Amino acid sequence: MDSIWINAPAKINIGLDVLRRREDGYHEVKMIMQSIRLFDRLTLTKTSEPGIQLHTNLRFLPVNEDNLVYRSAKLLMDEFGIQEGVDIRLDKRIPVAAGMAGGSTDAASCMLAMNDLFELGLSKRSLMKRGVTLGADIPYCILKGTALSEGIGEKLSTIPETPDCYVLIAKPSFHVSTKFVYTNLVLDEHTEHPDIDGMIQSMKKNDLTGLCQQMANILETVTIPAHPEIADIKRCMMENGALGSLMSGSGPTVFGIFDDLDKAAFAKEKCRSLPYKCFVFVTDLYR
Ligand code: ATP
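What this report covers is the structure whose coordinates are included nearby. Throughout, a residue's number is its position along its own chain's written sequence, starting from 1. It should be noted that, the model being predicted, local features are given only for residues of pLDDT at least 70 and side-chain atom pairs only at 80 or more, the latter also being counted only at that level, while totals for whole chains, interfaces and linings use all residues. To obtain the side-chain values, all non-hydrogen atoms of the structure were used and water was disregarded.

### Notes on the overall build of the protein chain
Assigned secondary structure in the protein chain consists of 10 helices and 10 strands. The quantity called the radius of gyration is restricted to C-alpha atoms. Its globule counterpart is 2.2 Å times the number of residues to the power 0.38. In summary, the protein chain has a C-alpha radius of gyration of 19 Å against a globular reference of 19 Å for 287 residues, a match within 12%. With the principal axes as the frame, the protein chain shows a C-alpha extent of 55 × 40 × 35 Å. Relative accessible area decides the class of each residue, using a 1.4 Å probe on protein chains only: under 20% of the type maximum gives buried, over 50% gives exposed, and in between gives partly exposed. When burial is assessed residue by residue, the protein chain has 55% of its 287 residues classed as buried. For helices the rule is a DSSP run of H or I covering at least 4 residues; for strands it is a run of E covering at least 2, with both sets numbered from the N terminus onward.

Below is the structure:
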């Protein structure tokens, strides 16, 4: 085998809580992660010339060590002393810096593909151990599906699946700095924390409506006051048939959960006609 391709799914956060700020500056989180059918595509081809060649359809993305794909390929090439080279084509469809773990899922998929292409024989668990050295979300992106993520994001456990549904994604064109959001997050005795365990209970009962009523993301308390458009998009989804709507990660992506494809498509058009530019997309869960 000289060439291999792999789809790298985006994620949304069905629930996101930050428990505390650690002494080392990291945050302890409790998040429900869910993969969706919105993919980047990576194609890896062995080359006789040594080294890593990375190409992407997005001109503004780095193609050197600043790209997580490059770094994840290099990590395995160095450790296993791979003498041949690899050409990596990265076709991005997941919006960049959107709270959908685009870079992390690319890195995770690159590691999975390198493992197969160069027959490294590593288990998922050992890839996850290596992945976390590059980013806290990479282990989850190797695992995929529905998971509870704790610690700094590296402690993963399986939880009941999110009930079947349609997902409307709306990504406004402005950028949100993750650093800004975490720096400005206030955690004190007045902070209302999302009920992540309650959400898991609803998932156990396959209760989509109950789950949607509980969905919450503590980072909205910072991102929404800075970007009130996010509240508008959520409102637009809720007024047009969503069972629930939430910001994903630190934003600015907003998603809506629907039990009916036509309703999701209708709400998509409504979100498209909001007065600011939004990338809108209807999809479903990736199991
Ligand atoms: P998260 O949800 O994990 O916070 P995100 O979806 O908000 O991540 P990314 O799309 O991963 O953010 O991009 C964040 C930054 O990482 C970008 O500014 C980009 O330059 C850099 N980056 C490095 N590698 C990649 C990649 N393969 N795809 C996208 N961005 C990348």
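### A word on the nonpolar core
A general trend in soluble globular proteins is that nonpolar side chains are found buried together. With 71 residues, the main nonpolar core has Leu 42, Leu 44, Val 86, Ile 88, Met 114, Leu 219 and Ile 233 as its most contacted residues. The leading source of residues in this core is helix H2 (residues 102-117), at eight residues. Two residues form a contact once any of their heavy atoms are found within 4.5 Å. Among all residues touching Val 86, those that are not within four sequence positions of it are Leu 44, Thr 45, Thr 47, Gly 51, Ile 52, Gln 53, Met 77, Met 114, Leu 117 and Phe 118. By size, the runner-up hydrophobic cluster in this structure holds 27 residues, among which are Ile 36, Leu 38, Leu 148 and Phe 255. Only buried residues count toward a nonpolar core, which is a set of Ala, Val, Leu, Ile, Met, Phe, Trp, Tyr and Cys residues joined through side-chain atoms within 4.5 Å.

### Examining the pairing of strand E8 (residues 244-247)
Of the two faces of E8, the one lined by Gly 244 and Leu 246 and the one lined by Ser 245 and Met 247 are each fully buried. Two strands make a pair as long as DSSP finds a minimum of two bridges between them. In this structure, E8 lies alongside strand E9 (residues 254-258), joined through four bridges in antiparallel fashion. Looking at the pairing, Ser 245 lines up with Gly 256 of E9. Hairpin connection, E8 to E9: the antiparallel pair is bridged by six residues, and Gly 249 has positive phi, about 55°.

### Some words on the site of the ligand
Near the ligand lie 18 residues; those nearest to it are Asn 67, Ala 97, Gly 99, Ala 101 and Gly 103. The term polar contact refers here to a pair of N or O atoms within 3.5 Å; inside protein, the definition further demands a hydrogen-donor-capable atom paired with an acceptor-capable atom, and it admits residues adjacent in sequence only when both atoms are side-chain atoms. Between the ligand and Asn 67 there is a distance of 3.0 Å, counted from a nitrogen atom to a side-chain nitrogen or oxygen. Ala 101 is positioned with one of its backbone polar atoms (N or O) 2.9 Å from an oxygen atom of the ligand. A total of 610 Å² of accessible area belongs to the ligand in isolation, and the protein chains cover 74% of it. Of all the elements in the fold, those that place two or more residues in the shell around the ligand are helix H1 (68-79) and H2. If one sorts the elements of the shell around the ligand by residue count, H2 sits on top with three residues. Charged means Asp, Glu, Lys or Arg here, nonpolar means Ala, Val, Leu, Ile, Met, Phe, Trp, Tyr, Cys or Pro, and polar covers whatever is left, Gly included. Looking at the shell around the ligand residue by residue, the classes come out as nine nonpolar, four polar and five charged. If even one non-hydrogen atom of a residue comes within 4 Å of a molecule or strand, that residue is called near it. Where accessible areas are quoted, they stem from the Shrake-Rupley method and a 1.4 Å probe; at the residue level, only the protein chains shown are allowed to cover.

### Re the sheet that holds strand E7 (residues 166-172)
Read across the open sheet, the four strands follow the order E8-E9-E7-E10; overall the sheet is antiparallel. Both outer strands of the open sheet, E8 and strand E10 (278-284), are each paired with one neighbouring strand and no more. Strand-to-strand twist in this sheet, taken as the mean axis angle between neighbours without regard to direction, amounts to 20°. Here an axis means a line fitted to C-alpha atoms, over the contact stretch when the element is a helix, while the angle between two N-to-C directions is reported on a 0 to 180 degree scale. Contacts from helix H10 (residues 261-272) reach E7, E9 and E10, with the element oriented near 175° to E10.

### Things to note about H1
In an α-helix, one full turn covers 3.6 residues, which means residues spaced three or four apart are oriented alike. With 12 residues, H1 extends 17 Å between its outermost C-alpha atoms, agreeing within 8% with the 16 Å of an ideal straight helix rising 1.5 Å per residue. Within the sequence span of H1, burial applies to Leu 68, Val 69, Tyr 70, Ser 72, Ala 73, Leu 75, Leu 76 and Met 77. Where H1 is buried, its residues contact strand E2 (27-47), strand E3 (51-56), strand E4 (85-91), H2 and helix H3 (124-131). Sitting at the amino-terminal end of H1 is Asn 67, which places a side-chain oxygen 2.9 Å from the backbone nitrogen of Val 69. The span expected for a helix works out to 1.5 Å for each residue beyond the first.

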